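Single-letter residue listing:
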Amino acid sequence: MLSKKVEKMINDQMNFEIYSGYIYLAMGAYMDSLDLTGFANWMKVQWQEEFFHAQKMYNYLLERGGRPFLTEVPAPPKDWKSVKAAFEHALEHEQIVTGRINDIMNVAIKENDHATRSFLNWYVDEQVEEEASVDAIIKKLKLMKESGHGMYILDKELGARTFTAPAE
Ligand code: FEO
């Protein structure tokens, strides 16, 4: 059985994961509006990943005798100054997510809730990958200074990303 505090924190995070997905879908729409369909594809796969992160929390709440509660999702931004600015926003956002996961982990440790610690380990590892993949794209964008040719190549590369739900 989850403590009320951990149940609430996981619920808040589940809703934050949905919000994260919403931001990435908005970034995808921004990139589609620029005809950068590969960049948009990358963002839309990210949107699916975030919904998977939320769904995993939903299932965990149920498994541990809790209940998922959905809240209102704030509207994401519509536009960014540039593609690089959108990815920089994505990195800042992922750093916030990492901090939030760490906060839940700290409470689970304090409460000796080993099951939640084990559950959250998946997210700790996932956040390392999430931050690294966004950072790698920012580095490429900086290197090419968002030049036409470089953008064309990177757009093709990011267009190949697909979503595969990890085993639960
Ligand atoms: Fe679910 Fe990108 O953090």
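In this report, we go over the structure that sits alongside the text. (Residues numbered from 1 in each chain as written. Predicted model: local features only at pLDDT ≥ 70, side-chain atom pairs only at ≥ 80, totals over all residues. Heavy atoms only, no water.)

Some words on the nonpolar core
- Membership of the largest hydrophobic core comes to 45 residues, with the highest contact counts inside it found for Met 27, Met 31, Phe 39, Val 83, Phe 87 and Leu 141.
- Sorting the residues of this core by element identifies helix 1 (4-33), helix 2 (37-63), helix 3 (83-110), helix 4 (114-144) and helix 5 (148-158) as the ones contributing at least two each. (Core = buried A, V, L, I, M, F, W, Y, C linked by side-chain atoms within 4.5 Å. Buried < 20%, exposed > 50% of the residue type's maximum accessible area, 1.4 Å probe, protein only. Helix = DSSP H or I, 4+ residues; strand = E, 2+ residues; numbered from the N terminus.)

Thoughts on helix 1
- For helix 1, with 30 residues, the first-to-last C-alpha span of 44 Å sits near the 44 Å given by 1.5 Å per residue.
- At the C-terminal side of helix 1, Asp 35 shows a positive phi close to 65°. (Expected span 1.5 Å × (residues − 1).)

Regarding the side chain of Thr 98
- Residue placement: Thr 98 occurs in helix 3.
- If near-sequence neighbours (up to four positions away) are discounted, Thr 98 is found in contact with Gln 127 and Glu 131. (Contact = heavy atoms within 4.5 Å.)

What to know about the packing of aromatic side chains
- Within this structure, the stated rule accounts for nine aromatic pairs.
- A ring pair is formed by Phe 39 and Phe 87, whose centres lie 6.1 Å apart and whose planes are at 65°; its orientation type is edge-to-face. Of this pair, Phe 39 sits in helix 2 while Phe 87 sits in helix 3, placing them 48 residues apart in sequence. The residues Phe 39 and Phe 87 share a single accessibility class, namely buried.
- Of the aromatic side chains, those joined through ring pairs into one cluster are Phe 52, Tyr 60, Phe 119, Trp 122 and Tyr 123.
- Here Arg 100 stacks its cationic end above the ring of Phe 16, 4.0 Å away from the centre of that ring.
- The aromatic ring of Trp 42 is capped on one face by Arg 161, whose charged end is 4.3 Å from the ring centroid. (Phe/Tyr/Trp six-rings, centres within 6.5 Å; stacked < 30°, edge-to-face > 60°. Lys NZ or Arg CZ within 6 Å of the ring centre and 35° of its normal.)

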